[in-house]
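So you can see what is in the structure, the chains are spelled out below.
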Amino acid sequence: MALKLGIKGNGELTVTAENTAKAMGSGSLDVLATPALVALVEKAAWTSVQDELDEGQGTVGTSLELKHEAPTPLGLTVKCETELTRIDGRRLVFKVRVTDEDGIVMEGRHERFIVGNEKFQAKADAKNPALKK
């Protein structure tokens, strides 16, 4: 594993009818939904570190502290940047910033935990009676 502080992740998303608050059930307006921003943040964070992990490892989101500060209307694009600011054993902490053409949309922090993919999936599957053998 070659994780180092300062690893940055990036992502972007254009607001369409499919990712508005109205479509995603998080409100009634045609603005970018907070759940869509959360997914963007998580993807930027996990993809930024995935190549630095050992074979068979991945990360799962465990904590979000995000402040959605401004709306983004249909047609505009948001850009997300994450930065790995802390490594505490298997716990990773990221600083998060999302902007659009007008400025800051969301800021905060996101934590992820390094897991063994097969073991984690097996633990999750064990909770589902239909998947038990």
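The structure we're discussing is the one just above.
The text that follows walks through the structure, step by step, so that each part is easy to find. Please read all numbers here as calculations on a predicted model, not as lab measurements. (Residues numbered from 1 in each chain as written. Predicted model: local features only at pLDDT ≥ 70, side-chain atom pairs only at ≥ 80, totals over all residues. Heavy atoms only, no water.)

## Quick notes on the sheet that holds strand β3 (residues 77–88)
For step 1, the next point in the chain: One open sheet accounts for 5 strands, arranged β1-β3-β4-β5-β2; its pairing is antiparallel. Looking along the sheet, the strands with just one partner apiece sit at the ends: β1 (8–14) and β2 (57–68). With direction set aside, neighbouring strand axes in the sheet form an average angle of 25°.
For step 2, the next point in the chain: Across 11 bridges, β2 lies against strand β5 (residues 103–116) in antiparallel orientation. (Pairing = 2+ DSSP bridges. Helix = DSSP H or I, 4+ residues; strand = E, 2+ residues; numbered from the N terminus. Axes fitted to C-alpha atoms, helices over the stretch in contact; angles between N-to-C directions.)

## Here's the deal with the side chain of Thr77
For step 1, the next point in the chain: Counting through the fold element by element, Thr77 comes out in strand β3.
For step 2, the next point in the chain: Engagement of the side chain of Thr77 in a polar contact is seen with the side chain of Thr14, the distance being 2.8 Å.
For step 3, the next point in the chain: If we skip the residues at most four places from it in the chain, Thr77 touches Glu12, Leu13, Thr14, Thr99, Asp100 and Glu101. (Polar contact = N/O pair within 3.5 Å; in protein donor to acceptor, adjacent residues only side chain to side chain. Contact = heavy atoms within 4.5 Å.)

## Some remarks on a positive patch on the surface
For step 1, the next point in the chain: Judged by side-chain charge, Arg90, Lys119, Lys123 and Lys127 come together as a positively charged surface patch.
For step 2, the next point in the chain: Along the chain, the position of Arg90 falls in the loop between β3 and β4 (91–100).
For step 3, the next point in the chain: Arg90 gets classed as partly exposed once you look at its relative accessible area, which sits at 46%. (Patch = residues over 30% accessible without salt bridge, like charges linked within 9 Å, V, L, I, M, F, W, Y side chains within 5 Å. Areas by Shrake-Rupley, 256 points an atom, 1.4 Å probe, with all protein chains shown as cover. Salt bridge = Lys/Arg side-chain N within 4 Å of Asp/Glu carboxyl O. Lys, Arg positive; Asp, Glu negative; His and termini not counted. Charge placed at Lys NZ, Arg CZ, Asp CG, Glu CD. Buried < 20%, exposed > 50% of the residue type's maximum accessible area, 1.4 Å probe, protein only.)

## Brief notes about the environment of Glu18
For step 1, the next point in the chain: Among the structural elements, Glu18 can be located in the loop between β1 and α1 (21–24).
For step 2, the next point in the chain: Since its relative accessible area comes to 60%, Glu18 is described here as exposed.
For step 3, the next point in the chain: When the C-alpha atoms of Glu18 and Ala33 are compared, they prove to be 9.5 Å apart, with 15 residues separating the residues in sequence.
For step 4, the next point in the chain: Each residue touching Glu18, except ones within four places of it in the same chain, is listed here: Ala23 and Met24.
For step 5, the next point in the chain: A distance of 3.0 Å separates a polar atom in the side chain of Glu18 from a polar atom in the side chain of Thr16.

## Topic: the environment of Glu107
For step 1, the next point in the chain: Along the chain, Glu107 turns up in strand β5.
For step 2, the next point in the chain: Along the primary structure Glu107 and Ala21 are separated by 86 residues, whereas in three dimensions their C-alpha atoms are 19 Å apart.
For step 3, the next point in the chain: In this structure Glu107 touches Glu65, Leu66, Lys67, Glu69, Val96 and Arg97, once residues within four positions along its chain are discounted.
For step 4, the next point in the chain: Within the structure, the side chain of Glu107 is placed 3.2 Å from the side chain of Arg97, a separation counted as a polar contact.

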